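Letter by letter, the chains look like this.
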2 protein chains.
Amino acid sequence: MENKNKIEESGYDRLIKCGIRPSVQRLAVMNYLMENRIHPTVDKIFNDLYPTMPTLSRTTVYNTLKLLVESGAAIMLTIDERNTRFDAETKPHTHFMCYKCGTVTDLNINPPVLKGNYIDDCEILNSELYLYGHCPECVNKNKN
Amino acid sequence: MENKNKIEESGYDRLIKCGIRPSVQRLAVMNYLMENRIHPTVDKIFNDLYPTMPTLSRTTVYNTLKLLVESGAAIMLTIDERNTRFDAETKPHTHFMCYKCGTVTDLNINPPVLKGNYIDDCEILNSELYLYGHCPECVNKNKN
DNA sequence: TTCAAATCTGTAATAATAACAAAATAATGG
DNA sequence: CCATTATTTTGTTATTATTACAGATTTGAA
């Protein structure tokens, strides 16, 4: 995996490659996801973009994320029961969520790559490996 | 994996083993999950139990499922973005959801067993492998 | 049998997401 | 460059899953 916190490709290039017209709003969301590998929720994205884009609508963030996922420019994670989260890294990798602080991070462990195979006659198009537990920060916090 | 559609243990025994007092409602939900390995949503469980238990409350189903998961008598799946789903099979196994019909099934492929390990200093307590694609029924439906 | 604890129930509140229609913006053809 | 059309964005409203809560019921123990 490359740099943990940033993807070395421009948001513009990613949108074009995925056949998405690069409006200001779409670029903002795409760039946000590529520069902030924190698996943000819709609310996090909206709140972080809003100060510099005061006309931005929450609906646009929803619409844009839906478009990004459908076009393969990002993936949606259901690791968090409460909110859907989004990631600009579309290559298979493993996600972890801390039960205590709720943070979602990437883990350096390869998930099984099953896309394209048939298993029990099911055609596999996508897969996600989700791990849950305690992150280093929360593990240390409880040592006292 | 044993019989695909039923778990060979009584709901009563499972509740006792997990330290849960076996009320009528809890038994009904536990038995339903053990006899119907369909990874049902809360609504599905409620609607299926309601005819034979007309005093049952949806809130009780929510409360009971929460208790079952916390006590280790069942697991919660977040494979489906829209609804949480539940499974009485608590041993690690792989889940599949069909993009077309939404059905969730078990797959005969072993997930990586990582519980108890530390990965990147994260203490792993649980893991889920979710696969997505087209189930045999929906694959065949489109062959025409 | 009585009292306290546990459980269940129904309603009301919350919060995430989707539907929709009007306004704004961008693209196209003359 | 203007007029028309298509696309995108926006804000409001609706929907739906889930949670909070308080009163009613049931259970268990003394």
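Use the structure listed above.
Heads up: these notes are all about the structure in this document. If you're wondering where the values come from, they're calculated on a predicted model, not measured in any experiment.

What counts and how
- Residues numbered from 1 in each chain as written.
- Chains lettered and ligands numbered in written order.
- Predicted model: local features only at pLDDT ≥ 70, side-chain atom pairs only at ≥ 80, totals over all residues.
- Heavy atoms only, no water.
- Helix = DSSP H or I, 4+ residues; strand = E, 2+ residues; numbered from the N terminus.
- Buried < 20%, exposed > 50% of the residue type's maximum accessible area, 1.4 Å probe, protein only.
- Contact = heavy atoms within 4.5 Å.
- Polar contact = N/O pair within 3.5 Å; in protein donor to acceptor, adjacent residues only side chain to side chain.
- Near = heavy atom within 4 Å.
- Nonpolar A, V, L, I, M, F, W, Y, C, P; charged D, E, K, R; others polar.
- Arc of directions from axis to C-beta.
- Axes fitted to C-alpha atoms, helices over the stretch in contact; angles between N-to-C directions.
- Parallel < 35°, antiparallel > 145°, perpendicular 65-115°, else oblique.
- Left-handed = near helix turned anticlockwise from the far one by under 90°.
- Least-squares fit on C-alpha atoms with pLDDT ≥ 70 in both.

### Observations regarding the environment of A:Ser10
Residues and elements named next belong to chain A. Structurally, serine 10 can be placed in the segment before α1 (11-17). Exposure remark for serine 10: the relative accessible area of 31% places this residue in the partly exposed category. As for serine 10 and glycine 133, which are separated by 123 residues in sequence, their C-alpha atoms are 33 Å apart. Filtering out sequence-adjacent residues up to four positions away, serine 10 remains in contact with Asn31 and Met34. A distance of 2.9 Å separates a polar atom in the side chain of serine 10 from the backbone nitrogen of aspartate 13.

### Describing the protein's contact with DNA strand C
Around DNA strand C, 16 residues are found, and the nearest of them are A:Arg21, B:Arg21, B:Ser23, B:Thr55 and B:Thr60. Those atoms of DNA strand C that come within 4 Å of the protein belong to sugar or phosphate at a rate of 78%. B:Ser23 places a polar side-chain atom, nitrogen or oxygen, 2.3 Å from a phosphate oxygen of DNA strand C. In the model, a phosphate oxygen of DNA strand C is placed 2.7 Å from a nitrogen or oxygen of the B:Thr55 main chain. Among the elements of the structure, α4 (58-71) of chain A together with α2 (24-35) and α4 (58-71) of chain B are those that each provide at least two residues to the surface near DNA strand C. Considering each element in turn, the surface near DNA strand C owes the most residues, three residues, to α4(B). The residue makeup of the surface near DNA strand C, split by class, is two nonpolar, 10 polar and four charged.

### Quick notes on the environment of B:Arg58
Locating B:Arg58 in the fold gives a position in helix α4. In the structure, B:Arg58 is positioned 72 residues away from B:Tyr130 in sequence and 28 Å away in space, judged by C-alpha atoms.

### A word on the protein's contact with DNA strand D
Taken together, the neighbourhood of DNA strand D is formed by 16 residues, with A:Arg21, A:Ser23, A:Arg26, A:Thr55 and A:Thr60 sitting nearest. Within 4 Å of the protein, the contacting atoms of DNA strand D are drawn from sugar and phosphate to the extent of 73%. A:Arg21 places a polar side-chain atom, nitrogen or oxygen, 3.1 Å from a sugar or linking oxygen of DNA strand D. Between a phosphate oxygen of DNA strand D and a side-chain N or O atom of B:Tyr62, the distance comes to 3.0 Å. When residues of the surface near DNA strand D are traced back to their parent elements, those giving at least two are α2 (24-35) and α4 of chain A together with α4 of chain B. With three residues, the top contributor of residues to the surface near DNA strand D is α4(A). Taken together, the residues of the surface near DNA strand D sort by class into two nonpolar, 10 polar and four charged.

### Describing helix α3 (residues 42-49) of chain A
For an α-helix, the turn length of 3.6 residues means that residues three or four places apart are oriented alike. All names here are of chain A. When α3 is considered as a whole, its buried residues turn out to be Val42, Ile45, Phe46 and Leu49. Buried residues of α3, viewed axially, fall in a sector of 95 degrees; they line one side. Looking at the buried residues of α3, the elements they touch are α2, α4 and β2 (85-87).

### Some remarks on the packing of helix α3 (residues 42-49) of chain B against α4(B)
Residue and element names in this part refer to chain B. α4 packs onto α3 with a crossing angle of 125 degrees between their chain directions and a minimal axis gap of 10 Å. Overall, the two elements α3 and α4 adopt an arrangement that is oblique. At the point where α3 passes α4, the crossing takes the right-handed sense. Contacts from Val42, Asp43, Ile45 and Phe46 of α3 reach α4 at Arg58, Val61, Tyr62 and Leu65. Grouping the constituent residues of the contact of α3 with α4 by class yields six nonpolar, no polar and two charged.

### Description of the relation of the copies chain A and chain B
Mapping chain A onto chain B calls for a rotation angle of 180 degrees and an axial translation of 0.0 Å; the resulting RMSD is 0.0 Å. On this basis, the relationship between the two copies can be described by a two-fold rotation axis. Minimal C-alpha distance to the rotation axis in chain A is attained by A:Leu129, lying at 2.3 Å. Interface overlap between copies is the fraction of interface residues in one copy that are interface residues in the other; for chain A against chain B it reaches 100%, indicating a shared surface.

### Structural notes on the environment of B:Met97
Residues and elements named next belong to chain B. Considering the arrangement of structural elements, one finds methionine 97 in strand β3 (residues 94-98). Residues methionine 97 and tyrosine 130, spaced 33 residues apart in sequence, show a C-alpha to C-alpha distance of 7.7 Å. Among residues more than four places away in sequence, those in contact with methionine 97 are Ile79, Asp80, Gly102, Thr103, Val104, Leu131, Tyr132 and Gly133.

Coordinates in, geometry out; function isn't part of it.
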